[in-house]
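Overview (structure and organization)
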Amino acid sequence: MQDFASSLHSSFGMILSGDAQLWAIVLLSLRVSLTAVMIASVIGLPLGAFLAVSRFRGRQILVVMINALMGLPPVVVGLLVYLMLSNSGPLGVLQLLYTPTAMIIAQVVLITPIIAALSRQIIQVLDAEYDEQLRSIGLSRLGSIPVLLWDGRYNLLTAVLAGFGRAIAEVGAVIIVGGNINHVTRVMTTSIALETSKGNLELALALGVILLLLALIVNAAVSFIGQGARQTAYA
Amino acid sequence: MLEQVNKAVWQTSPIMDPKAPTVLELCDIRLIRDEQHLVNIPNLTIRQGAPTLIMGPNGAGKSLLLRLMHGLISPTQGRVDFDTDVQQAMVFQRPVLLRRSVAGNIDFVLKAHRIPRAVRKDRVNALLRMADLIPKARQSARTLSGGEQQRLALVRALALKPKILFLDEPTASLDPSATHAIEALIRQANDAGTKIIMVTHDPGQASRLGGEIVFLHKGQVLEQTGVSDFLTEPKSTAAKHYLAGGLLF
Ligand SMILES: Nc1ncnc2c1ncn2[C@@H]1O[C@H](COP(=O)(O)OP(=O)(O)OP(=O)(O)O)[C@@H](O)[C@H]1O
Ligand SMILES: [Mg+2]
């Protein structure tokens, strides 16, 4: 217990003193996950909206599949992306394995279904309300997608933040495709796993505290945005 | 069975000028859901001129009829004929306001039809003035009161100067002065050449607006006749009951 207290104490010291190694890891984590969230949003939001408003054969199957993909285990995603990027894989020539780009790819694969599935639900509810009005104005089903995305922006942001929360906190995928190489692909979660096993509790705890804070900030943002959404949705 | 029902339909001659150009024509329209004939109209012609007012009890199919005419739902059978170049607009029974400002709601419609920005600004202001909503222009549309929402929905529908305007009980739940404000806007649009096709339950409103009544009962048109004729001597027993009940309040 004494150990833990002193570790915690020195980990706060690390955070506050701006420990270079610590902040390099945090920044890399943020860079990887924010990039992944951006890419996943660019794919997932329109995809979700499309699934919400379109009526084609097989749509329901696609919806069920994407919902199922929300629960993809990160290690499986890591393994699949590894197989794609490894030297013998179809994308092996790109030499991306064990780079931050590989980690971004893995996280994009992991969270695009989350963002797409959540935004499909959000847009579908909004569309049920807007559909006839928008068609009356003369918009086609597909033409109404930009309007639905814009007017649903507050709720959609919560979907994006859910994706970010998942990306920043997962360890299984990035450790497989990133390899947890010091100064190159070592992010918060993989560092915590490694440093804990090495007994270097200060760094592990410092990173854990920052990760927790990030989770708190994301959750606070979600509920704050939720309030904004309720205000504009005021009927 | 159905044929018998059809024969029973009361065909009175329309009071509208029979030579006035046709705005809309329903031919052999049937809307069937879950084996129920929700709308069943062998023929209905709507002509240019004074407002066409649709009356009938709750669940008669009035809102469905407006949706069919506006093209929002397709009939199970039959067709609705109208000039596709003609601009239409509709105000729903429960107005749908977008999650935008009051002005943004109107601007959106104009933008969707690629009206240039310079023109849009003036048009939005003119419409806001009509609705008496200038002070609320920047407010979120969904925080407006019920009556203000109705007024906004109405002027938004007028934004593109439609030739046909469908209104589904636009003054339900409004106070008398708000009702008169809306009626003034409707009359103004009518005078400007917009064909008004409107659902109402209010006989007083019907006689104030004038025009013809289409009386709908269980999805069928039982009467199409002038407002005063309809209100003073309805032909069908269903209409007699409807009006007797209505006038008791
Ligand atoms: N999609 C649907 N499936 C089955 N029944 C429907 C559907 N839409 C409407 N109906 C039914 O059709 C009937 C007519 O509905 P409609 O909304 O046109 O009534 P209305 O005449 O406008 O009544 P109100 O005066 O209450 O507004 C109702 O009984 C309603 O339950
Ligand atoms: Mg109705």
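Residues numbered from 1 in each chain as written. Chains lettered and ligands numbered in written order. Predicted model: local features only at pLDDT ≥ 70, side-chain atom pairs only at ≥ 80, totals over all residues. Heavy atoms only, no water.

Another point: the coordination of the magnesium ion (ligand 2). All names here are of chain B. With distances of 2.0 to 2.3 Å, the protein atoms coordinating the magnesium ion (ligand 2) are Ser63 (OG) and Gln93 (OE1). Taken together, the residues span a long stretch of sequence, with Ser63 in helix α2 (residues 62–70) and Gln93 in the loop between β5 (88–91) and α3 (102–112) at a distance of 30 residues. With a relative accessible area of 39%, Gln93 lands in the partly exposed category. (Donors = N, O, S within 2.8 Å, 3.2 Å for Na, K, Ca; no water. Helix = DSSP H or I, 4+ residues; strand = E, 2+ residues; numbered from the N terminus. Buried < 20%, exposed > 50% of the residue type's maximum accessible area, 1.4 Å probe, protein only.)

Below, the discussion takes up the side chain of Arg59 of chain A. Relative to the assigned elements, Arg59 of chain A resides in helix α3 (residues 59–69). As a buried residue without a salt bridge, Arg59 of chain A has its nearest oppositely charged side chain in Asp127 of chain A, at a separation of 7.9 Å. (Lys, Arg positive; Asp, Glu negative; His and termini not counted. Salt bridge = Lys/Arg side-chain N within 4 Å of Asp/Glu carboxyl O.)

Next up on the list: the pairing of strand β2 (residues 36–47) of chain B. All names here are of chain B. Taken together, the 10 bridges between strand β1 (residues 22–33) and β2 define a ladder with antiparallel strand orientation. Residue pairing in the sheet places Leu24 in a bridge with Ile46 of β2. Joining the antiparallel neighbours β1 and β2 is a turn of two residues, in which Asp34 adopts a positive phi near 50 degrees. (Pairing = 2+ DSSP bridges.)

Take the sheet that holds strand β4 (residues 77–81) of chain B next. Residues and elements named next belong to chain B. Pairing is antiparallel in the open sheet, where three strands are placed in the order β2-β1-β4. Two strands close off the open sheet at either side, each with one partner strand: β2 and β4. Across the sheet, the axes of successive neighbouring strands diverge by a mean angle of 15 degrees, strand direction being ignored. In the packing of α2 onto the sheet, the strands contacted are β1, β2 and β4, and the crossing angle to β1 comes to about 120 degrees. (Axes fitted to C-alpha atoms, helices over the stretch in contact; angles between N-to-C directions. Contact = heavy atoms within 4.5 Å.)

Strand pairing in a sheet is mediated by backbone hydrogen bonds. Such pairs are either parallel or antiparallel. Residues and elements named next belong to chain B. Taking strand neighbours across the sheet as the criterion, the six strands line up as β5-β6-β7-β3-β8-β9 in an open arrangement whose pairing is mixed. The open sheet has two free edges, formed respectively by β5 and β9 (220–226), since each of these has just one partner strand. Each neighbouring strand pair of the sheet contributes to a mean axis angle of 15 degrees, computed without reference to strand direction. Pairing between β5 and strand β6 (residues 164–168): four bridges, direction parallel. Its bridge partner being in β6, Met90 is matched across the sheet by Phe166.

Residue-level contacts link 18 residues of chain A with 22 residues of chain B. Buried surface at the junction of chain A and chain B, both sides included, amounts to about 1,800 Å², of which 49% is carbon and sulfur. Taken as a group, Glu132, Gln133 and Ile137 of chain A account for 32% of the area that chain A buries against chain B, more than any other trio of residues on that side. For the pair chain A and chain B, the interface holds four salt bridges. Between Arg99 of chain B and Glu129 of chain A there is a salt bridge; the shortest N-O distance is 3.3 Å. Here chain A and chain B share 10 residue pairs in polar contact (both at pLDDT 80 or more) between them. Counting residues per element, the ones that place at least two in the side of chain A that touches chain B are α5 (100–137), α6 (145–151) and α10 (201–233) of chain A. Per-element accounting of the side of chain A that touches chain B gives the leading share, nine residues, to α5 of chain A. For the side of chain A that touches chain B, the per-class residue count stands at 10 nonpolar, three polar and five charged. (Buried area = accessible area lost by both parts, 1.4 Å probe. Polar contact = N/O pair within 3.5 Å; in protein donor to acceptor, adjacent residues only side chain to side chain. Nonpolar A, V, L, I, M, F, W, Y, C, P; charged D, E, K, R; others polar.)

With that settled, consider the UniProt feature "transmembrane region" (unreviewed entry) in chain A. Residues and elements named next belong to chain A. This chain's UniProt record puts "transmembrane region" (unreviewed entry) on residues 20–49, 61–85, 97–118, 156–181 and 201–225. Across residues 61–85, the secondary structure splits into 84% helix and 0% strand, with the terminal C-alpha atoms separated by 29 Å. Overall, residues 156–181 shows 81% helix and 0% strand. The separation of its end C-alpha atoms is 35 Å. (UniProt positions renumbered as here; feature names shortened; annotations may be inferred.)

What follows deals with the site of ligand 1. Residue and element names in this part refer to chain B. Residues in close proximity to ligand 1 total 13 residues, the closest being Asn58, Gly59, Gly61, Lys62 and Ser63. Measuring from an oxygen atom of ligand 1, one finds a side-chain N or O atom of His201 at 3.1 Å. Burial of ligand 1 by the protein amounts to 61% of the accessible area it has alone, namely 640 Å². Among the elements that take part in the shell around ligand 1, α2 stands out by supplying three residues, more than any other. Across the shell around ligand 1, the residue classes tally to four nonpolar, six polar and three charged. (Near = heavy atom within 4 Å. Areas by Shrake-Rupley, 256 points an atom, 1.4 Å probe, with all protein chains shown as cover.)

All names here are of chain B. The tally for this structure, following the rule as stated, stands at 13 salt bridges over all chains. The salt bridge partner of Asp107 is Arg120, with a shortest N-O separation of 2.9 Å. One end of the pair, Asp107, is in helix α3; the other, Arg120, is in helix α4 (residues 117–130), and 13 residues separate them in sequence. In this pair, the class of Asp107 matches that of Arg120, namely buried.

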